[in-house]
Amino acid sequence: MAVVAVVGAQWGDEGKGQVIDVLAEKARIVARYQGGSNAGHTVVNQLGHFRLHLVPSGIFHPETICIIGNGVVVDPAVLLQEIEALQQHHIDTSRLYVSDRAHVVLPYHLVLDRLADEARGEQRIGTTGRGIGPAYEDKVARIGLRMGDLLDADLLREKLRFLVEYKNKILACLYNAPPFSFAELYDTYRRYGERLAPHITDTFAMIHAAIRRGDNILLEGAQATLLDLDFGTYPYVTASSPTVGGACTGLGIGPRLITRAIGVFKAYYTRVGSGPFPTELTDATGDLIRERGREYGTTTGRPRRCGWFDAVLARYAVQLNGLDGFALNALSVLDPLPVVKICTAYRYGDQVLDLPPASLSVLSQCVPIYEELPGWQEPIGHIRRYGDLPANARRFVERIAELINCRLDMLAVGLKREQVITLHPAFD
Ligand code: IMP
């Protein structure tokens, strides 16, 4: 039995979907534990071309059970669209379960997300606009609607009546925005509840039964470590805990049940939205990485900011998640470069920092100290064994492992399943 957590170790978009797709083959359960439809990955396989925001990518393996845990905030409209798209391609969705404790994203969350971010002016976070922050705000304020509430028409009516009145006041007073109709929302969400009823269940009990049976379980993190509400580059973060710790509260499992934690990195860093990015490249090398790596958002289509591998942030992610190993993706993006750089530490005034500071104003003044390594300047996408990589590519990868004090478990030289080289299998 293995319970393996896979987390994004940078600012997101590390290609977790590909790593999870490979690992899901051996997993009985794949479970999401935080975030919502702000996440997004494209899956292209023999069954079709899919854009998933909520459904775990384990759904493409016919024996795998997929769970959306209590820590996720679920937009039922998005979930139903995904279920329909999967069904149109004859993919069995009866193996998809949503926690009755997961909170619901409602249309006013989306509107408030956009209005609140606009109101921040220069300090805007650049959220995905999917209502994630406002939905978690309601959860913390203890007024949130949970998926289980959609199944009880009377309870839903009572809760929603209060919520719509309350949110309409906020919309009118703070933003002079039009109100939502209680009757329409109630009708829509009651019908969502009816349609989702076969999927809504107590996933806590399901996971613990699977653990007792000794099943292999994959815990799928969304977003990434540096977007963590506590330890990310606050306030330019998301509203959940995308770290391994988040898996415990987001599914209801104790930390000792997690047998392995794997962090996913790319061979360079990217970031969407605002916030400091010490190794950002605003030159032709940054453009080359963006084009070769197709660094444009799946959810929003925004171009991603690109920069060199930052071992200071990566070391932090290893410690914060207690990573046993890491997967390194998109190495082939760097193929043409004559020189590749790794940031080994930051210079801040007369200090040298090997971990990032909490203060964003300090972080934005940090100057990266780079180590330069020779590039390999040959295509590597066809390589299937680690030992066959050019010596300079191996040197780059091994230097990263050394600097961040973590073992390389998997390496991807392209986007296809067969382009993932596994050095240490996560499941037996
Ligand atoms: P929110 O999660 O929509 O509230 O957005 C907060 C911040 O997290 C913004 O900078 C987003 O661009 C970023 N973010 C949220 N989800 C993802 C993701 O899946 N990949 C990359 N960035 C994300």
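First, a word on scope: everything that follows refers to the structure included in this document. Predicted, not measured: the structure shown is a model, and the values here were computed from it.

Conventions adopted
Counting starts from 1 at the beginning of each chain's written sequence and moves along it residue by residue. pLDDT decides what is reported in this predicted model: residues at 70 or higher carry local features, side-chain atom pairs at 80 or more are listed and counted, and totals for whole chains, interfaces and linings draw on all residues regardless. Side-chain measures here rest on the full set of heavy atoms in the structure, leaving out hydrogens and waters. Counting from the N terminus, the helices are the DSSP runs of H or I reaching at least four residues and the strands are the DSSP runs of E reaching at least two. Computation of the radius of gyration draws on C-alpha atoms alone. For the globule rule, the value is 2.2 Å times the number of residues to the power 0.38. Working definition: with a 1.4 Å probe on protein chains only, accessible area under 20% of the residue-type maximum means buried, over 50% means exposed, and in between means partly exposed. The contact criterion used is simple: two residues touch if any of their non-hydrogen atoms lie within 4.5 Å. A pocket, in this scheme, is an open set of points on a 1 Å grid over the protein atoms alone with protein on both sides within 12 Å along at least 5 of 7 lines, while a cavity is a set where a 1.4 Å probe fits but cannot get out; residues line either one if an atom lies within 4 Å of a point. Grid points are joined across faces, edges and corners, and a volume is the space filled by probe spheres set on the points. When residues are grouped by polarity, Ala, Val, Leu, Ile, Met, Phe, Trp, Tyr, Cys and Pro land in nonpolar, Asp, Glu, Lys and Arg in charged, and all others, Gly among them, in polar. Put simply, a disulfide is two cysteine sulfurs that come within 2.5 Å. The directions from the helix axis to the C-beta atoms form the arc being described. Definition of a polar contact: a pair of N or O atoms within 3.5 Å, with one able to donate and the other able to accept a hydrogen when the atoms are protein atoms, and with sequence-neighbouring residues admitted only if both atoms are side-chain atoms. In this text, near means that some heavy atom of the residue lies within 4 Å of the molecule or strand in question. Under the convention used here, a 1.4 Å probe and the Shrake-Rupley method define accessible areas, while residue burial counts only the protein chains that appear. Whenever a helix is involved, its axis is fitted only over the stretch in contact; in every case the axis is a line through C-alpha atoms, and angles between N-to-C directions fall within 0 to 180 degrees. Here is the rule for handedness: rotate from the far helix to the near one, and if that takes an anticlockwise turn smaller than a right angle the crossing is left-handed, while a clockwise turn gives right-handed. Buried Ala, Val, Leu, Ile, Met, Phe, Trp, Tyr and Cys residues that are joined via side-chain atoms within 4.5 Å together make up what is termed a nonpolar core. One bridge is not enough; two strands pair if DSSP finds at least two bridges between them. Salt-bridge detection follows one rule: a side-chain nitrogen of Lys or Arg within 4 Å of a carboxyl oxygen of Asp or Glu.

Here we look at the overall build of the protein chain
And then number 1: Along the protein chain, the regular secondary structure elements total 12 helices and 20 strands.
And then number 2: For 428 residues, the compact-globule estimate of 2.2 N^0.38 gives 22 Å, and the C-alpha radius of gyration of the protein chain, at 22 Å, lies within 12% of that figure.
And then number 3: In terms of overall dimensions, the protein chain has a C-alpha envelope of 65 × 50 × 40 Å along the principal axes.
And then number 4: The buried share of the protein chain, taken over its 428 residues, is 57%.
And then number 5: Taking the intrachain contacts of the protein chain between residues at least 6 apart in sequence as the baseline, contacts between residues at least 24 apart amount to 76%.

Re empty space enclosed by the protein
And then number 1: Counting across every chain of the model gives one cavity of 30 Å³ or more.
And then number 2: Estimated volume of the largest cavity: approximately 30 Å³.
And then number 3: Around the largest cavity sit His 103, Val 104, Leu 106, Tyr 108, His 109, Ala 135, Asp 138, Ile 143, Gly 144, Leu 145 and Leu 163, which together line it.
And then number 4: Going through the elements one at a time, β8 (103-104), α3 (107-119) and α4 (132-140) are the ones with two or more residues in the lining of the largest cavity.
And then number 5: Broken down by class, the residue content of the lining of the largest cavity amounts to seven nonpolar, three polar and one charged.

Description of the state of the cysteines
Two cysteines, two sulfur atoms, one covalent bond between them: this is a disulfide.
And then number 1: Overall, the coordinates contain zero disulfides when judged by the stated rule.
And then number 2: Looking at Cys 248, it has no disulfide partner, and the nearest cysteine sulfur is the one in Cys 406, 18 Å off.
And then number 3: Between Cys 343, a cysteine without a disulfide, and Cys 366, which holds the nearest cysteine sulfur, the sulfur-to-sulfur distance is 9.0 Å.
And then number 4: Cys 343 gets classed as buried once you look at its relative accessible area, which sits at 0%.

Some details on helix α7 (residues 203-213)
And then number 1: All of the buried residues in α7 are Thr 203, Ile 207, His 208, Ala 210 and Ile 211. Take α7 and look down its axis: the buried residues cluster within an arc of 155°, on one side only. Exposed side chains of α7 directed beyond 90 degrees from the buried face belong to Arg 212 and Arg 213.
And then number 2: By the N-cap criterion, in which a side-chain oxygen at the helix start approaches the backbone nitrogen of a residue two or three places on, α7 is capped by Asp 202, the distance to Phe 204 being 3.1 Å.
And then number 3: Two residues or fewer past α7, Gly 214 is found with a positive phi of approximately 85°.

Concerning the site of the ligand
And then number 1: Contacts to the ligand come from 14 residues, most closely from Asp 13, Asn 38, Thr 128, Gln 223 and Thr 238.
And then number 2: One of the backbone nitrogen or oxygen atoms of Gly 126 is found 3.5 Å away from an oxygen atom of the ligand.
And then number 3: At a separation of 3.5 Å, an oxygen atom of the ligand approaches a polar backbone atom of Val 272.
And then number 4: Coverage of the ligand by the protein chains reaches 95% of its 470 Å² of free accessible surface.
And then number 5: Here the shell around the ligand is composed, by residue class, of six nonpolar, six polar and two charged.

Points about the packing of helix α5 (residues 153-175) against helix α6 (residues 182-196)
And then number 1: The contact between α5 and α6 brings their axes to 10 Å, and the two run at 145°. Note on packing geometry: the crossing formed by α5 with α6 is right-handed. Judged by residue contacts, Ala 153, Leu 156, Arg 157, Leu 160, Arg 161 and Val 164 of α5 engage Phe 182, Leu 185, Tyr 186, Tyr 189 and Arg 190 from α6.
And then number 2: A per-class count over the contact of α5 with α6 returns eight nonpolar, no polar and three charged.

Observations concerning the nonpolar core
And then number 1: Residues Leu 219, Phe 265, Phe 309, Leu 328, Leu 331, Phe 396 and Ile 404 are the most contacted members of the largest nonpolar core, which totals 78 residues.
And then number 2: Counting residues in hydrophobic clusters, the runner-up holds 38 residues, among them Val 43, Ile 143, Leu 145 and Leu 196.

So, the pairing of strand β3 (residues 41-45)
The side chains of a regular strand alternate, first on one face of the sheet and then on the other.
And then number 1: Of the two faces of β3, only the one carrying His 41, Val 43 and Asn 45 is buried; Thr 42 and Val 44 on the other face are not.
And then number 2: Pairing of β3 with strand β4 (residues 48-52), which is carried by five bridges, proceeds in the antiparallel orientation. The residue of β4 that forms the bridge with Val 44 is His 49.
And then number 3: Hairpin connection of β3 to β4: two residues between the antiparallel strands.

Some details on the pattern of salt bridges
And then number 1: Under the criterion given, the structure shown has 28 salt bridges.
And then number 2: In this structure, Arg 417 engages Glu 25 in a salt bridge whose closest nitrogen and oxygen atoms are separated by 3.9 Å. Separated by 392 residues along the polypeptide, Arg 417 in the loop between β19 (407-412) and β20 (420-422) and Glu 25 in the loop between α1 (16-24) and β2 (29-32) bring together distant segments of the chain.
And then number 3: Beyond isolated ion pairs, a larger network of salt bridges with shared partners links Asp 13, Lys 266, Glu 295 and Arg 304.

The quantities given are spatial measurements derived from coordinates; they are silent on function.
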